[in-house]
Amino acid sequence: MGAAEAEEIAIRLYGARGSATRFETEKDDTFLLNCAARGKFVLKIAHPSERMEELDFQVALMRHLEQRAPDLPIPRALRDVEGADLPIVTTSAGERRVVRLITFLQGTPLDRTSATASQRERIGEILAKLRHAMADFSHPADGRALAWDVTHLLDLSDLLSFIPEGGKRAWTVRALERFAEVKPRLDLCRRQVLHNDFNTSNLVVDHASPQFLTGVIDFGDAVRTAIAVDVSTALMNQMPRTFDHGHRRDLFDEPRDVLRGYLRHAELTDEELRLIPFLSMGRLAVRALLTCWRATIFPENSRYILRNTEAGWAHLEWFHSISTTQISELLTR
């Protein structure tokens, strides 16, 4: 969808007149809508294949958090002029698509800047507070099967053919084998609805703010999953983008800062702490499998799809180089 059509939809549905600038996204048409004195918003026109009940789940979760923990830095979902949460439009291409307007959170995505140890601890604190705020939330669509939920990693094994042959495929295969060994233990872990995508592009920060973390965005991967999975995803996304095996001993140096902040506000069992490194490894494998597959199907969007994949190969190689016992002790020693 072009910016002009997005601007027309914003006026018609929300009375919001502004200029639209496209964000790079995986599948939705998403725009920054600058309405001058009225402020900035995010206009999301869902992909035609998106299921209404899953979009309703995301909006309901954001409203729950707004009521349960209004101090948490999350966007607010706005209703249209007729009071609808999820209005449907027919586009110029003849597609019926669901629209959402969400408040814009000022700051810089963390993937464009850096963080100190204490700032990473702040990220962990917010993750823990989000967990508590979501603990009593439920929705008919919260149990959906989501490819990015690490608990379903073994279902993606058919995508191994999309991984380049050689070391990269070998590291990914070994990650799947190790995940299969711990999967029965993961199935016994505590579960609830969780954000499930605390990656650096979804964390908005401001170095001048005492809070540092000024926004947690994109609830598109929220799902009912293991608490350990949510934490492992956050930790994996704090691993260094560049990794020199000759001068770096431990991928979890920075992620442990996040864990330290998290444990100030939420507990984890010893079993969860032993499993989290395996789940971080599993998330790396999920990313490798899904992005290599999707980049093949959508080569015109491959740069965006693969933007984080290259860094993950060195991480998978590092996991491949250490023993299963060493992995299980990474967060407990």
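These figures come from a predicted structure and were not determined experimentally.

A. Structural view of the packing of helix α2 (residues 52-68) against helix α3 (residues 117-134). Contact geometry for α2 and α3: axes closest at 10 Å, N-to-C directions at 100°. Classed by the angle they form, the pair α2 and α3 counts as roughly perpendicular. Of the residues in α3, those in contact with L61, H64, L65 and R68 of α2 are L130, A133 and M134. Here the contact of α2 with α3 is built from residues that sort into five nonpolar, one polar and one charged.

B. The environment of G15, seen in detail. Looking at where G15 falls in the secondary structure, it is placed in the loop between α1 (3-14) and β1 (19-22). Residues G15 and A77, spaced 62 residues apart in sequence, show a C-alpha to C-alpha distance of 15 Å. Apart from residues lying up to four places away in sequence, G15 is in contact with A10, R38 and V81.

C. Geometry of the pattern of salt bridges. Counted by the stated rule, this structure contains 32 salt bridges. In this structure, D142 and R224 form a salt bridge, with 3.0 Å as the shortest nitrogen-oxygen distance. Of this pair, D142 sits in the loop between α3 and α4 (167-186) while R224 sits in strand β11 (residues 223-226), and the two are 82 residues apart along the sequence. Owing to a relative accessible area of 7%, D142 belongs among the buried residues under this scheme. Overall, the relative accessible area of 25% leaves R224 in the partly exposed class. Each member of the salt-bridge network shares a partner with another, and the members are R120, E121, R122, E125, D257, R260 and R264.

D. Quick look at α1. The end-to-end C-alpha distance of α1 is 16 Å, a good match for the 16 Å that twelve residues give at a rise of 1.5 Å each. Taken as a whole, α1 has its buried residues at A6, I9, A10, L13 and Y14. End-on view of α1: buried residues confined to an arc of 100°, all on one side of the axis. G15 occupies a position one or two residues after α1 and carries a positive phi of about 65°.

E. Geometry of the side chain of N237. Mapped onto the elements, N237 comes out in the loop between α5 (227-236) and α6 (255-263). By relative accessible area, which is 14% here, N237 ends up buried. Filtering out sequence-adjacent residues up to four positions away, N237 remains in contact with F198, N199, T200 and R287.

F. Here's a closer look at the nonpolar core. Of all hydrophobic cores here, the largest spans 90 residues; its most connected members are F198, F252 and F319. The element best represented in this core is helix α7 (residues 270-297), accounting for 13 residues. If sequence neighbours within four positions are ignored, F198 has contacts with I123, I126, L127, L130, L203, V216, T233, A234 and N237. If you look at the next biggest cluster of nonpolar residues, it comprises 17 residues, including L13, Y14, L33 and C35.

G. Quick look at α2. Over its 17 residues, α2 extends 24 Å from the first C-alpha to the last, a length consistent with the 24 Å expected when each residue adds 1.5 Å. Buried residues belonging to α2 abut β4 (77-78), β6 (96-103), α3, β8 (191-194) and β11.

H. Geometry of the layout of surface pockets. Roughly 370 Å³ of volume is contained in the second largest pocket. T200, N237, Q238, M239 and R241 are, among the 19 residues lining the second largest pocket, the residues nearest its centre. Residues belonging to the lining of the second largest pocket are distributed by class as follows: six nonpolar, eight polar and five charged.

What counts as what
Every chain is numbered independently, its residues counted from 1 as its sequence is written. The predicted origin of the model limits local features to residues at a pLDDT of at least 70 and limits the giving and counting of side-chain atom pairs to 80 or more, whereas totals for whole chains, interfaces and linings rest on all residues. Side-chain measures were taken over the full set of non-hydrogen atoms in the model, leaving aside hydrogen atoms and water. Fitted lines through C-alpha atoms serve as axes, helices being fitted only where they are in contact, and the angles separating the N-to-C directions of these axes extend from 0 to 180 degrees. A run of H or I in DSSP becomes a helix once it reaches four residues, and a run of E becomes a strand once it reaches two; helices and strands are each numbered from the N terminus. For classification purposes, angles smaller than 35 degrees are called roughly parallel, those larger than 145 roughly antiparallel, those between 65 and 115 roughly perpendicular, and all remaining angles oblique. Contacts are assigned to residue pairs with any non-hydrogen atoms lying within 4.5 Å of each other. Note on residue classes: Ala, Val, Leu, Ile, Met, Phe, Trp, Tyr, Cys and Pro are nonpolar, Asp, Glu, Lys and Arg are charged, and everything else, Gly too, is polar. The term salt bridge refers to a pairing of a side-chain nitrogen on Lys or Arg with a carboxyl oxygen on Asp or Glu at a separation within 4 Å. Working definition: with a 1.4 Å probe on protein chains only, accessible area under 20% of the residue-type maximum means buried, over 50% means exposed, and in between means partly exposed. One less than the residue count of a helix, multiplied by 1.5 Å, gives the span that helix is expected to have. For this quantity, the arc is that covered by the directions from the helix axis to the C-beta atoms. Within this scheme, the nonpolar core is defined by two criteria: the residues are buried Ala, Val, Leu, Ile, Met, Phe, Trp, Tyr or Cys, and they are joined through side-chain atoms within 4.5 Å. Note on definitions: the grid is 1 Å and covers protein atoms alone; a cavity is a set of points where a 1.4 Å probe fits but cannot get out; a pocket is an open set with protein on both sides within 12 Å along at least five of seven lines; lining residues have an atom within 4 Å of a point. Grid points are joined across faces, edges and corners, and a volume is the space filled by probe spheres set on the points.

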